Each structure stands twice: as C-alpha cells, then as structure tokens.
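Breakdown of the fold
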Amino acid sequence: MTDPTRTPRRKPKPEVTRIGGRQLKPSTLMMGYGYDPRLSEGALKPPIFLTSTFAFESAAAGKRHFEGITGKRPGGSEGLVYSRFNGPNQEILEDRLAVWEQAEEALVFSSGMSAIATLLLAYCSGGDVVVHSGPLYAATEGFIARTLSRFGIGYVDFPAGATREEIDAALARGAELAQRQGGKVAMIYLESPANPTNALVDIEAVAAARDTLPGEARPPIVIDNTFLGPLWQQPLAHGADIAVYSLTKYAGGHSDLVAGGLYGARQWIEPVRMLRNTIGTICDPNTAWMLLRSLETIELRMTRAGENAAKVCAFLAGHPKVVGLGYLGRIEDPRQQDIFERHCTGAGSTFSLFIEGGEAEAFRFLDALKVAKLAVSLGGTETLASHPAAMTHLSVPDERKALLGITDNLVRISIGIEDADDLIADFDQALAAV
Ligand SMILES: *Cc1c(COP(=O)(O)O)cnc(C)c1O
C-alpha cells in the first residue's frame, strides 16, 4: 500500500485505512481511498479534471516539481505539473490499484499494450535478452519478436508449465545469447495463466531460479496478471517484482474502455514512470474516472463471474458434445494443480471449451448462442465467446498452434455476471444446434 509517510505527490490528506487494529480490506478502500472531497468543493466523487496543465503555487514549487519529473529527485513529482505526466484522476486510480497487492507504486496507461511496451522499452537496451514464458498475449509476443528485435533485443522462451530445471535451462540460454550479443538478460516476462491454454507458470520456481544468479545479473520478474488479478492471483506475494494488467478486462469490467496498469516496488516502477512521462502513454482522466467507478464493484463482479463459471463448467463437463475443458477449477495435471494451489485463490471465469468436431461444429455453436455475445476480450459483465484459431490466434503458424493446443474445435469463453441458469440454458441450446 502507498506509504502515507512518504513525500506526497498531491496535497497531504487524511487516509482512513485502519480502524483500531483492523486493516481495512481493499473492497472497502475502493470507495474513497486516495481522494479527499475537501480538495474538490466537497464533491463526494472526484470530478474529472479536464486540463492539460496545472498552475504552480510559486516558481520554487515549479522547480521542485520538475526535479521530481526529470528524476533529479526520486519518487516522481511532488505536485501536479502537466497532464502527460500526471493528473488527479490518474493518481487516485493508481493509489487504489496499488491497494490490491500492497504495492508501493502503480502506474496507469492508455492500454494494456502501451503499459507493456513502455515497460519493455524502459528496461531493454540493444543486445539485451528477454526470457519469457509462452504463449504470451499475441500482441506482446509480436512486440518482443518483431519490434524489439529491430533494436537488437533478443528473446528466449520456455513453456508456461515449465519445471524448475526447464526454467534454469531457459535462463542459461538467455544469458548465453545475451553474452553473444554484448548485453544482459534484462527481464523475465511471464503470463499466467497463458491464453488460450490456461497453463499456469510457477512464479515461485521462476523467482527461486532468478535468485541463484549473481546479484548484478538478477533481472526483474514481470507477470501479466490480467486473467486472474487482482482477486484470484497476487503475484508480488509469490516473488514477482512487477504485475502488469490490461485494465480493459476485469478491472474495467464493462467492455466500455481500454486501459492498462502496472505495479510493484518503487525501485522497479520509477524507470517506467520516467519513460511514460517522456512519451505520454498515461491513460486519460475520463478513462481513469470510469475505472474508479469500476473498481468499486470489482470484488462483487469477479466473485459472481467466478461462481457462474463454476456452475457453467459443471454443466459443460457432463455434456456429451464437450470433449474437453481448459478450466482452472478442473485441472487434471498434478503439477499444474500444485501451482494452482500455491498461487491462486480462485479459478477465474475465462476458460477453453473443446467441442466434438472441428471448425464447422465450433462455428455452429458460436452462431447459435443467444445470450453470450460473439466477441474477443474477456472480464466484462457480459458473457463472450470466440474462436482463437480463426480470430485472436489466426496469424500464429500452424505448427505453433498445434504445439500450444489451439485446435479448430476450441472455443474461448469469458463468463459474465448474468444469471447462471440462463447461461446454462443458452449453452445447452447452442450445443444442441451443433
Ligand atoms: C487484452 C490483453 C492485453 C492487452 O491489453 P489492451 O488493453 O487490449 O491493450 C495484454 N495481456 C492480456 C493477457 C490480455 O488479455
């Protein structure tokens, strides 16, 4: 959680985070934390601050702010300066996001991909290597393989479910490549569960492997926590240094905005803040305000979606036209189950459904759905269904698709917060149409 004793970036404000010895829960803090109505005419909710720049109290105050912005003094700006750097709505949002994982600092971005791109660019120089789990979100994998490679940055990957030995081997391969290229392993980048396979990465094993490296060669461990965060997986507690999010998904939760975020200890976040200041990948005040509203209900929404997914999957698992289910509530592999029990507190609401047949059968199922909408994305209030092989992963070469288990009979489903029995009735009639 943001340290209330540190130099504040905004005007100091009283924060109620405890009652007696009791630490208030994130779900309680989402209603008011980080915002003082007295600074905004008593408005119960923060106004949307539509301004490109902020008036300084004095010339000396302006100088102090710029010392923070330019990194002459650590910790960012002490006050509001210019809307490419910071703004009240964005700072309140960052404080509230950090609460979920007791992170020291959080940053918000205009999209999940602008968060990921800013992060990678902040950490990687020519010759460096990114060691990453696979598969990653397609745009992330593309950014590393096709864009960073143009600047002489290499990568080495390992399968999401890798054992400690396989992770050690990947780190060794990464170090070898980095040495050949005259750089270092700049980052270990994970995504768990992987999309669309739902394979989990053993974050604790990755952290243990990284910690055997000599001090100066220890890269930060980053994890894309979009699928299970912040409710069902809190990776900073398991050894990750930075958690990144597409806030477009569960955090936004209503399929009506695009945004990204990341958080961790200040030492890891500061270089990313500096680059965000320079290139302006911060999210806009309106989107930040929408996210503040969304965060008030995030626990309710995710809890309901998770309960719905468990009921729907119990139905699907017993259906004769369903030949497989990639759902974290029904893991068959003992090692994956062990990772799940150590890292996750819920199975989420996004899963893969394998229908008897191939693309034709999967398409008939998708076209017959009445409640669930046919769209990519996830984590919204409404249930969505899509076909990865023909949509999100269309550009993945066939051999790699086969390796990742992205088959033509695979349908990807994100369960929303509708009535569970209505969803079951919808899937039942759509399967009958196959
Ligand atoms: C959607 C998504 C992203 C990209 O986020 P945008 O907000 O669409 O830029 C990154 N990672 C994962 C796992 C995602 O699902």
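Keep in mind it's a predicted model, so treat the numbers as computed, not measured. (Residues numbered from 1 in each chain as written. Predicted model: local features only at pLDDT ≥ 70, side-chain atom pairs only at ≥ 80, totals over all residues. Heavy atoms only, no water.)

A closer look at the overall build of the protein chain
- When you go through the protein chain residue by residue, the secondary structure sums to 14 helices and 14 strands.
- In terms of C-alpha radius of gyration, the protein chain reaches 22 Å, essentially the compact-globule figure of 22 Å for 434 residues.
- In terms of overall dimensions, the protein chain has C-alpha extents of about 70 × 55 × 40 Å along its principal axes.
- Looking at the protein chain residue by residue over its 434 residues, the buried ones come to 54%.
- For the protein chain, contacts bridging at least 24 residues in sequence account for 73% of all contacts bridging at least 6.
- Counting 42 positive and 51 negative side-chain charges, the protein chain places the averaged centre of each group 7 Å from the other. (Helix = DSSP H or I, 4+ residues; strand = E, 2+ residues; numbered from the N terminus. Rg over C-alpha atoms; globule rule 2.2 N^0.38 Å. Buried < 20%, exposed > 50% of the residue type's maximum accessible area, 1.4 Å probe, protein only. Contact = heavy atoms within 4.5 Å. Lys, Arg positive; Asp, Glu negative; His and termini not counted. Charge placed at Lys NZ, Arg CZ, Asp CG, Glu CD.)

A few points about the pairing of strand E11 (residues 350-355)
- Most of E11 sits out of view: five of its six residues are buried.
- As defined by bridge partners, strand E10 (residues 322-326) adjoins E11 across four bridges and the pair is classed as antiparallel. Among the inter-strand pairings, Gly326 is bridged to a residue of E11, identified as Ser352.
- Two strands pair when backbone bridges link them, and E11 and strand E14 (residues 410-414) are joined in this way by five bridges, in the antiparallel orientation. Counted as the bridge partner of Leu353 is Val411 from E14. (Pairing = 2+ DSSP bridges.)

With respect to the sheet that holds strand E4 (residues 129-134)
- If you walk across this open sheet you meet the seven strands as E3-E9-E8-E7-E6-E4-E5, and the pairing is mixed. The sheet is open, and its two edges are formed by strand E3 (105-109) and strand E5 (154-159), each paired on a single side. Across this sheet, the average inter-strand angle for adjacent strands is 20 degrees, counted without regard to direction.
- Packed on one face of the sheet, helix H4 (residues 112-123) meets E3, E4, strand E6 (185-191), strand E7 (221-224), strand E8 (242-246) and strand E9 (260-264) and runs near 150 degrees to E8.
- Sitting on the sheet, helix H7 (residues 203-211) touches E5, E6 and E7, and the angle it makes with E7 is about 160 degrees. (Axes fitted to C-alpha atoms, helices over the stretch in contact; angles between N-to-C directions.)

Focus on the site of the ligand
- Near the ligand lie 15 residues; those nearest to it are Met113, Asp224, Ser246, Thr248 and Lys249.
- Between Met113 and the ligand, the recorded distance is 2.8 Å, taken from a backbone N or O atom to an oxygen atom.
- In isolation the ligand exposes 380 Å². Once the protein is present, 92% of that is buried.
- Of all the elements, H4 adds the most residues to the shell around the ligand, at three residues.
- Each residue belonging to the shell around the ligand can be placed in one class, and the counts come to seven nonpolar, five polar and three charged. (Near = heavy atom within 4 Å. Polar contact = N/O pair within 3.5 Å; in protein donor to acceptor, adjacent residues only side chain to side chain. Areas by Shrake-Rupley, 256 points an atom, 1.4 Å probe, with all protein chains shown as cover. Nonpolar A, V, L, I, M, F, W, Y, C, P; charged D, E, K, R; others polar.)

A few points about the environment of Leu423
- Relative to the helices and strands, Leu423 is located in helix H14 (residues 420-432).
- By relative accessible area, which is 0% here, Leu423 ends up buried.
- Taking the C-alpha atoms as reference points, Leu423 and Lys311, separated by 112 residues in sequence, lie 9.5 Å from one another.
- Apart from residues no more than four positions distant in its own chain, Leu423 is found in contact with Asn308, Val312, Val371, Thr383, Ile415 and Glu418.

What about unusual backbone geometry?
- Following Asn195, the chain continues into Pro196 via a peptide bond in cis, with omega recorded as 5 degrees.
- As for its position among the elements, Pro196 is in the loop between E6 and H7.
- Of note, the amide linkage connecting Gly229 to Pro230 takes the cis form, showing an omega dihedral of -5 degrees.
- Position of Pro230 among the secondary structure elements: in the loop between E7 and E8.
- A positive phi angle, near 65 degrees, is found at Asn198, a position not held by glycine.
- Mapped onto the elements, Asn198 comes out in the loop between E6 and H7.
- We classify Asn198 as buried; its relative accessible area is 5%.
- Unlike most non-glycine residues, Ser255 shows phi in positive territory, near 50 degrees.
- With respect to the helices, strands and loops of the structure, Ser255 is situated in the loop between E8 and E9.

So, the packing of aromatic side chains
- Under the definition given, this model contains eight aromatic pairs.
- Taking 6.4 Å as the distance between ring centres and 45 degrees as the angle between the ring planes, the aromatic pair formed by Tyr123 and Trp268 counts as tilted. Pair noted here: Tyr123 is in helix H4 and Trp268 is in helix H8 (residues 266-279), with a separation of 145 residues, a long-range link. Neither Tyr123 nor Trp268 differs from the other in exposure class; each is buried.
- Through successive ring pairs, a cluster of aromatic residues spans Phe56, Phe66, Tyr82 and Phe85.
- A cation over a ring is seen here: Arg276 above Phe109, with NZ or CZ 5.7 Å from the ring centre. (Phe/Tyr/Trp six-rings, centres within 6.5 Å; stacked < 30°, edge-to-face > 60°. Lys NZ or Arg CZ within 6 Å of the ring centre and 35° of its normal.)

Quick word on helix H3 (residues 88-100)
- A large share of H3 lies buried, amounting to 13 of its 13 residues.
- In the stretch just after H3, Gln102 is the one whose phi turns positive, near 45 degrees.

A look at the environment of Leu275
- Looking at the secondary structure, you find Leu275 in helix H8.
- Linking Leu275 and Trp289, residues 14 residues apart in sequence, is a C-alpha distance of 23 Å.
- When residues no more than four places from it in sequence are discounted, the contact partners of Leu275 are Thr118, Leu121, Ala122 and Gly280.

Considerations on the sheet that holds E14
- Strand order in the open sheet made by the five strands is E10-E11-E14-E13-E12, with mixed pairing throughout. Edge positions in the sheet fall to E10 and strand E12 (373-374), since each of these pairs with one other strand and no more.

Considerations on the pattern of salt bridges
- Evaluation of the coordinates by the stated rule reveals 22 salt bridges.
- Put simply, Arg210 and Asp211 hold a salt bridge, and the shortest N to O gap is 2.7 Å.
- Classification of Arg210 as buried rests on a relative accessible area of 8%.
- Put simply, Lys401 and Asp398 hold a salt bridge, and the shortest N to O gap is 3.9 Å. Residue Lys401 and its partner Asp398 are both found in helix H13 (residues 398-404); the two are separated by three residues, about one turn of the helix.
- Judged by relative accessible area, which is 10%, Lys401 ranks as buried.
- Under the relative-accessibility criterion, Asp398 is labelled exposed at 57%. (Salt bridge = Lys/Arg side-chain N within 4 Å of Asp/Glu carboxyl O.)

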